[in-house]
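Here's the letter readout for the chains.
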Amino acid sequence: MRCRFPCPAQRARISPRPVRSRPSTLTGTPTISRRVFITSASYTTGSAGNFGSIAEADTLCQSVADGVPLGGTWKAWLSVPGTNAVSRIPYAKWVLRDNATVVFNSTTEISIGTSPLSPITQTEGGAAPAGSTLVWTGTLSNGTVSSNHCTSWSTNAYSGLVSVGDWSGAVSIWTERGAPASCGGGPPPSRHLYCFEQ
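Residues numbered from 1 in each chain as written. Predicted model: local features only at pLDDT ≥ 70, side-chain atom pairs only at ≥ 80, totals over all residues. Heavy atoms only, no water.

Colleague: It is not clear to me how the pattern of salt bridges should be interpreted in this structure. Could you clarify?
Modeller: Two side chains that carry opposite charge are able to pair once their charged atoms sit near each other. Counted according to the given criterion, the structure contains 2 salt bridges. With a shortest N-O distance of 2.8 Å, Arg35 and Glu197 are connected by a salt bridge. With a gap of 162 residues between them, Arg35 in strand 1 (residues 33–38) and Glu197 in strand 9 (residues 194–197) connect regions that are remote in the sequence. Owing to a relative accessible area of 11%, Arg35 belongs among the buried residues under this scheme. Using a relative accessible area of 10% as the deciding quantity, one classes Glu197 as buried. The salt bridge involving Arg88 is made with Asp58; its shortest N-O contact spans 2.6 Å. Residue Arg88 is located in the loop between strand 2 (74–76) and strand 3 (93–96), and its partner Asp58 is located in helix 2 (residues 54–66); the two are separated by 30 residues in the primary sequence. Taken as a pair, Arg88 and Asp58 share a single burial class, namely buried. (Salt bridge = Lys/Arg side-chain N within 4 Å of Asp/Glu carboxyl O. Helix = DSSP H or I, 4+ residues; strand = E, 2+ residues; numbered from the N terminus. Buried < 20%, exposed > 50% of the residue type's maximum accessible area, 1.4 Å probe, protein only.)

Colleague: I'm lost on the sheet that holds strand 9 in this one. Help?
Modeller: Paired through backbone hydrogen bonds, the strands of a sheet run either parallel or antiparallel to each other. Reading across from one edge, 2-9-1-3-4 is the order of the 5 strands in this open sheet, with mixed pairing throughout. Each edge of the open sheet carries a strand with a single partner, namely strand 2 and strand 4 (102–104). Within this sheet the neighbouring strands show an average axis-to-axis angle of 35 degrees, counted without direction. Where strand 3 lies against strand 4, 2 bridges are found, and the strand directions are antiparallel. Bridged to Trp94 within strand 4 is Phe104. Sheet strands in contact with helix 2 are strand 1, strand 2 and strand 9, and its direction is about 135 degrees off that of strand 2. (Pairing = 2+ DSSP bridges. Axes fitted to C-alpha atoms, helices over the stretch in contact; angles between N-to-C directions. Contact = heavy atoms within 4.5 Å.)

Next comes the structure, spelled out in structure tokens:
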């Protein structure tokens, strides 16, 4: 009596397909470079501000980049509970808008809290930003969410607190200046955003 293929004896001779292992996303030398800039404009947060969520901040970054145009897809360097800023960006070598000045050799450097090699001082147009020296981040030095994030960017109340970066100070405080700042006041504070290419 014939058996349907494969027969038990034939099964033993069939080699299983090799399982391809996925490369780690946070090891090795990045094969791609991505750009980062600081917005020339500054913004207020909260439901009555310029952005009230990460998605709205992403839209601001994309709109600013498209206005140049820089091309590409862009996201804001912001965190909320359950979403770390470092997890929202690809594994890459990070350079300024000029495509030459290296900020981080890899995303791994960000995730372990390494200070930038160069400060993020180029706007979407290539100049230095004006106005406030502070940047909305809600993010610690290792790219993870801070406990202070303006209630997931939904409030500009004076009592709300937020971790901010400083683009003009020492490179070590680019995303976390130290003591948290207020989310609001009279008038609400206006601060820049970092925008990372995807």
